[in-house]
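Remarks on the overall topology
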Amino acid sequence: RFYTYYITMLDVIGRCADCERKVIVLDRPNPNGMYVDGPILDMKYKSGVGALPIPVVHGLTMGEIAKMAVGEGWCKACELEVVCCRNYTHQTRYTLPIAPSPNLRSMQAIYLSPSVCLFEGTVCSLGRGTDYPFEVYGHPNIKDATFSFTPRSVAGAKYPPLLNKECFGVDLRSVPYEDIIANGFNLEYIIDAYKRVGIGEGFFTSFFEKLVGVDYIRTMIIEGRSADEIKAKWQGDVEKFKVLRRKYLLYKE
């Protein structure tokens, strides 16, 4: 849900509706399309990193999102055609041939990104300004870690968070792909960092809610709740979304 390409697509659909033009979506696989997880966006937090009432990991392709947004009245309706992918299902493991972002350079980063991206709403670094963005996390206050990294000014991350400061933390580069997928939208990384940085509510920035999309997760982390306890809070909403989602699927689950 953070990724902005679909938000641009929705804007195109709305503008084409205004001038009665047809939209053709040339669909592509979603590399994180094999599961659905995370809280549904509370639309009071609608922003450039979240535009629809969908989970963080929605398990939809661009074509499916377009059909859902039009079908549910979440955007203006125009004539819409989706040119589907061949030989694709939602369980297909798809390796992107081109990095979709300067800071998503590997499949490890792409699989981790739904969970690790939440660090953008905290005082921590997720590795921007290193050779492995979205594959690590850390902060100078974490003193009990054996792994460290120092963000530098590099192409694609000119002014990364904690620039030139040594950060201590966790290296996620060796976590198996299937473990990342099985754990879904995983709050364990954020909870671990929150406890180890040790600055209380100052750990979070105002951007956190725009990313996570609800107001209860920050509160529950501060209260000391576990990742499983917090996940239970959104699980019912996810099951309802999965039922709605099936109406718009173009590919087998």
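Source: prediction; values computed, not measured. (Residues numbered from 1 in each chain as written. Predicted model: local features only at pLDDT ≥ 70, side-chain atom pairs only at ≥ 80, totals over all residues. Heavy atoms only, no water.)

**Thoughts on the overall build of the protein chain**
Inclusion rule: A run of H or I in DSSP counts as a helix once it spans at least four residues, and a run of E counts as a strand once it spans at least two, with each numbered from the N terminus. Radius of gyration: C-alpha atoms only; globule rule: 2.2 Å multiplied by the number of residues to the exponent 0.38. In this scheme, a residue with accessible area under 20% of its type's maximum is buried, one over 50% is exposed, and one in between is partly exposed, where area comes from a 1.4 Å probe on protein chains only. By the convention used here, residues are in contact when the closest approach between their heavy atoms is within 4.5 Å. Residue exposure ignores everything except the shown protein chains as possible cover, and the areas themselves are Shrake-Rupley values with a 1.4 Å probe. The charge count treats Lys and Arg as positive and Asp and Glu as negative. His and the chain ends do not count. Every charge is mapped onto a representative atom, which is NZ of Lys, CZ of Arg, CG of Asp or CD of Glu.
Summing up its helical and strand segments, the protein chain has 8 helices and 5 strands in all. Going from N to C terminus, the protein chain has its helices and strands arranged as α-β-α-β-α-β-β-β-α-α-α-α-α. For 253 residues, the compact-globule estimate of 2.2 N^0.38 gives 18 Å, and the C-alpha radius of gyration of the protein chain, at 19 Å, lies within 12% of that figure. The C-alpha extent of the protein chain, read off along each of the three principal axes, is 55 × 35 × 35 Å. The burial tally for the protein chain puts 53% of its 253 residues in the buried class. Put simply, of all contacts in the protein chain between residues at least 6 apart along the chain, 69% involve residues at least 24 apart. As displayed, the protein chain offers around 12100 Å² of accessible surface, 51% of which is attributable to carbon and sulfur atoms. Put simply, the protein chain has 31 plus and 29 minus side-chain charges, and the middle of one group is 4 Å from the middle of the other.

**Remarks on the nonpolar core**
Our working definition: Among buried residues, the Ala, Val, Leu, Ile, Met, Phe, Trp, Tyr and Cys ones that are joined through side-chain atoms within 4.5 Å form a nonpolar core.
With 74 residues, the main nonpolar core has Leu118, Phe119, Leu187, Phe203, Ile217, Ile221 and Ile230 as its most contacted residues. Tallying contributions element by element places helix H1 (residues 5–18) first for this core, with 7 residues. Here Phe203 is in contact with Phe119, Gly121, Thr122, Val123, Cys124, Ile190, Ala193, Tyr194 and Val197, once residues within four sequence places are set aside. Listed in part, the 6 residues of the second largest apolar core include Val136, Phe147, Phe149 and Cys167.

**Here's the deal with helix H5 (residues 188–197)**
Taken residue by residue, H5 has Tyr189, Ile190, Ile191, Ala193, Tyr194 and Val197 as its buried positions. Of the residues flanking the end of H5, it is Gly198, one or two places downstream, whose phi is positive at about 70°.

**Structural notes on the pairing of strand S5 (residues 167–171)**
What counts here: For two strands to be treated as a pair, DSSP must find at least two bridges joining them.
Where burial is concerned, most of S5 is hidden: 4 out of the 5 residues are buried. As defined by bridge partners, strand S3 (residues 136–139) adjoins S5 across 4 bridges and the pair is classed as antiparallel. Residue Gly138 lies in a different strand from S5, and its bridge partner there is Gly169. Pairing between strand S4 (residues 147–149) and S5: 3 bridges, direction antiparallel.

**Some details on the sheet that holds S3**
Keep this limit in mind: All axes are obtained by fitting lines to C-alpha atoms, using only the stretch in contact for helices, and the reported angles, taken between N-to-C directions, cover 0 to 180 degrees.
Spatially, S3-S5-S4 is the arrangement adopted by the 3 strands of the open sheet, whose pairing is antiparallel. Each of the sheet's edge strands pairs with one partner strand only, and the pair in question is S3 and S4. Along the sheet, successive strands turn relative to each other by an average axial angle of 45°, direction set aside. Those strands touched by H5 are S3 and S5, and its axis lies near 20° from that of S3.

**Focus: the packing of H1 against helix H2 (residues 62–71)**
Test applied: Each angle receives one of four descriptions, namely roughly parallel if under 35 degrees, roughly antiparallel if over 145, roughly perpendicular if within 65 to 115, and oblique otherwise. Handedness of each helix crossing follows the sense of rotation of the near helix against the far helix: counterclockwise by less than a right angle gives left-handed, clockwise gives right-handed. For this scheme, ten residues count as nonpolar: Ala, Val, Leu, Ile, Met, Phe, Trp, Tyr, Cys and Pro. Four count as charged, namely Asp, Glu, Lys and Arg, and the remainder, Gly too, count as polar.
Across the interface, H1 lies against H2 with an axial gap of 10 Å and an inter-helix angle of 50°. Classified by the interaxial angle, the pair formed by H1 and H2 is oblique. Here H1 runs over H2; the crossing is right-handed. Residues Tyr5, Tyr6, Met9, Leu10 and Ile13 of H1 touch H2, and the partners they reach there are Met62, Ile65, Ala66, Ala69 and Val70. Grouping the amino acids of the contact of H1 with H2 by side-chain chemistry returns 10 nonpolar, no polar and no charged.

**Notes on the state of the cysteines**
Our working rule: The disulfide criterion used throughout: a pair of cysteine sulfur atoms within 2.5 Å.
Under the definition given, this model contains 0 disulfides. With no disulfide of its own, Cys16 lies closest to Cys19 among cysteine sulfurs, the gap being 5.3 Å. Since its relative accessible area comes to 16%, Cys16 is described here as buried. As a non-bridged cysteine, Cys124 has Cys167 as the owner of its nearest cysteine sulfur, 8.0 Å distant.

**Notes on the pattern of salt bridges**
As a reminder, the rule being used: Between Lys or Arg on one side and Asp or Glu on the other, a salt bridge is scored when a side-chain nitrogen of the former is within 4 Å of a carboxyl oxygen of the latter.
Scanning the entire structure with this criterion turns up 18 salt bridges. With a closest N to O distance of 3.1 Å, Glu178 and Arg93 form a salt bridge. Of this pair, Glu178 sits in helix H4 (residues 177–183) while Arg93 is found in the loop between strand S2 (80–83) and helix H3 (107–116), placing the two residues 85 residues apart along the sequence. Judged by relative accessible area, Arg93 falls into the partly exposed class, the value being 36%.

Nothing here speaks to function; it is all geometry.
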